[in-house]
Amino acid sequence: MMAIATTNQFWNHRLNGDDPTCPTGDNNNAWTATGSGASEVDKWWVVTDARYNVTPTSTAYTLYTMLQYTSTPDNDEVLLALDNGTYKVEVKAFGEKVKLVGATTVTSDDLDISMAEDNPVPLSLRLTLDASGNANLYLREMVEDDDAQTIYLSVAGAAGSSKDIQWGNNSGNVKWASVYMTDAGAFSPLELAPSDLATDTLLRMGLSVVETLRNSRRAHLKTHLDAGSIRYGYDLSQEMLSRSIPPFIHVVLRGLGSPTFAALGGGRIDQEYDVIIYVTTRGTTYEDAYRMGLNIVGECFDELYTTTGLNGTTDSLYEYNLELQSRLDDDVTVCTHMLTLTYMRRINMRHR
């Protein structure tokens, strides 16, 4: 089950190649430096001999970075480290690979961190540690492969000593493009995105609706559809839909806009979101498919109407539209009803 970041959970340390000890922007905290072998070069924070740390008060953390080697650090050089006082985990350099080190050690495949191959792909690392000592390392923000198999690295944390979050290097030459950190939880790429806009839209509206429907106790939603049959509509091509077995639900975030700025200077804005829910069914007759689909889409509406958009000042569901598909062609064998929900949310824009 996902735990998507709430509006009060955000990156409270955000660097984009600037000096970690004096970051810019609102709600953005500084790091403490050890060593002086670092400087800004062409919008990168280039480190040869420096480390940066903060001392958190919580016990679950997420540390995200994009980086590139100009010269490779020594093997077992610690690049990222999280310690919640009970458990700790480290990411160590290992040539063009990295090692995730906790109670055990796992090693990644070759990552081309030096960007030396043809058509190189920039590397991002996301290290998480929760209060129970579960540690994950996500490579390039990937969670699953094409076969729905998890592809991130995981270990149990080793014994910790004192709360600490740190990054940096004392050997090699590492270009740190960005470093983001939050001590509000251990978030996967599907729970807190590097972009605040992506979190506000896809995650908090699109994927959160998927989770709400998957967790519903209503009759058709829990008996006719498993978790794999309720998903976000990244791919609605005919080829993809033809491989799916009805009934299934696709949630799509069609777009958003901001009719008004709720504060001078745009510190807070009101955003409108259209969330579309496609319910596709098949029955012995088209009438059966139609009625089953209407029951399912009705349960979607009831679930979301009673559990989302309940705060009239900051999070409101204020409009809906339902389109019901009648059969107009003898070749049509499946029925797809479409429910559109319009939300308005007041968003704090000072977390960027």
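Remember, it's a predicted structure, so these values are computed and weren't measured experimentally. As a convention, each chain's residues are numbered from 1 in the sequence order in which they are written. Totals for whole chains, interfaces and linings use every residue, but because this is a predicted model, local features are given only for residues with pLDDT of at least 70 and side-chain atom pairs only at 80 or more, for both listing and counting. No hydrogens and no water enter the side-chain calculation; it runs on all heavy atoms of the structure.

Peer 1: It is not clear to me how the overall build of the chain should be interpreted in this structure. Could you clarify?
Peer 2: When you go through the chain residue by residue, the secondary structure sums to 4 helices and 20 strands. We call a residue buried when its accessible area falls under 20% of the maximum for its residue type, exposed when it is over 50%, and partly exposed in between, using a 1.4 Å probe and counting protein chains only. Across the 352 residues in the chain, those meeting the buried criterion constitute 47%. Here, two residues are considered to be in contact whenever any of their heavy atoms come within 4.5 Å of each other. Across the chain, every contact between residues at least 6 apart in sequence was considered, and the portion connecting residues at least 24 apart equals 64%. Using a 1.4 Å probe, accessible areas were evaluated by the Shrake-Rupley method; residue-level cover was limited to the displayed protein chains. Summing over all exposed atoms, the chain offers an accessible surface of approximately 16,800 Å²; the carbon and sulfur share of this is 48%. One way to put it: in the chain the 27 positive side-chain charges average out to a point 5 Å from where the 46 negative ones average out. To qualify as a helix, a DSSP run of H or I must reach at least 4 residues; to qualify as a strand, a run of E must reach at least 2; elements of each kind are numbered from the N terminus. His is not counted here, nor are the chain ends, while Lys and Arg score as positive and Asp and Glu score as negative. A charge is said to be at NZ when it belongs to Lys, at CZ for Arg, at CG for Asp and at CD for Glu.

Peer 1: What should I look at first to understand the pairing of strand S10 (residues 134-139) in this one?
Peer 2: For S10, the tally of buried residues reaches 5 of 6 residues, placing the bulk of the element in the interior. Examined bridge by bridge, strand S9 (residues 123-129) and S10 share 5 bridges and lie antiparallel to one another. Bridged to Leu-129 within S10 is Ala-135. For two strands to be treated as a pair, DSSP must find no fewer than two bridges joining them. Adjacent in sequence and paired antiparallel, S9 and S10 are bridged by 4 residues, among which Gly-133 carries a positive phi angle near 90°.

Peer 1: I keep staring at the pattern of salt bridges and nothing clicks. Help me out?
Peer 2: Between side chains of opposite charge, a pair can form as their charged atoms come close. Any carboxyl oxygen of Asp or Glu within 4 Å of a side-chain nitrogen of Lys or Arg constitutes a salt bridge here. If you walk through the whole model with that rule in mind, you get 11 salt bridges. As a salt-bridge pair, Arg-204 and Asp-200 come within 2.5 Å of each other at their nearest N and O atoms. Of this pair, Arg-204 and Asp-200 both sit in helix H1 (residues 196-214), separated by 4 residues, roughly a single helical turn. Accessibility expressed as a relative area gives 3% for Asp-200, which makes it buried. In this structure, the salt-bridge partner of Asp-288 is Arg-291, at a minimum N-O distance of 3.4 Å. Taken as a pair, Asp-288 and Arg-291 lie in helix H4 (residues 286-307) at a separation of 3 residues, close to a single helical turn. Taken together, the shared-partner salt bridges connect Glu-287, Asp-288 and Arg-291 into one network.

Peer 1: Help me understand H1 in this model?
Peer 2: Helical periodicity: at 3.6 residues per turn, an α-helix aligns residues three or four positions apart in one direction. Note that the bend at a residue is defined as the angle between axes fitted to the seven residues ending at it and the seven residues starting at it. A bend of about 30° at Ser-208 is the largest found in H1. For H1, the tally of buried residues reaches 14 of 19 residues, placing the bulk of the element in the interior. One side-chain oxygen at the N-terminal end of H1 lies 3.3 Å from the backbone nitrogen of Leu-197; it belongs to Ser-195. Polar contact criterion, stated in full: a pair of N or O atoms within 3.5 Å, where within protein one must be able to donate a hydrogen and the other to accept it, and residues adjacent in sequence count only if both atoms are side-chain atoms.

Peer 1: Got a minute to help me understand the pairing of strand S5 (residues 78-83) in this structure?
Peer 2: Each regular strand shows side chains that alternate between the opposite faces of the sheet. Taking burial as the measure, the 6 residues of S5 include 6 buried ones, the bulk of the element. Of the strand pairs in this sheet, S5 and strand S6 (residues 87-94) are connected by 5 bridges, and their pairing is antiparallel. The partner of Ala-81 across the bridge, within S6, is Glu-90. Turn length for the S5-S6 hairpin, with the two strands adjacent in sequence and antiparallel, is 3 residues, and the turn residue Gly-85 shows positive phi of about 95°.

Peer 1: Whenever I open this one, the side chain of Thr-128 confuses me. Can you help?
Peer 2: Structurally, the position occupied by Thr-128 is in strand S9. In this structure Thr-128 comes out as buried when scored by relative accessible area, which is 4%.

Peer 1: For this particular structure, what's the right way to read the packing of aromatic side chains?
Peer 2: One pair of aromatic rings is described through two measures. These are the centre distance and the angle between the planes. Two aromatic rings, drawn from Phe, Tyr or Trp (for Trp, its six-membered ring), form a pair once their centres lie within 6.5 Å of each other, and the interplanar angle then sorts them: stacked below 30 degrees, edge-to-face above 60, tilted otherwise. Per the stated rule, a full pass over the model turns up 10 aromatic pairs. Plain terms: the ring middles of Tyr-64 and Tyr-180 are 5.8 Å apart, the flat faces sit at 35° to each other, and that makes the pair tilted. Placement of Tyr-64 in strand S4 (residues 61-71) and of Tyr-180 in strand S14 (residues 173-182) is noted, with a sequence separation of 116 residues between them. Classification of Tyr-64 as buried rests on a relative accessible area of 6%. The exposure class of Tyr-180 is buried, given its relative accessible area of 12%. Geometrically, a lysine NZ or arginine CZ counts as sitting over a ring once it is within 6 Å of the ring centre and also within 35 degrees of the ring normal. Just above the ring of Phe-248 sits the side chain of Arg-231; from NZ or CZ to the centre is 5.8 Å.

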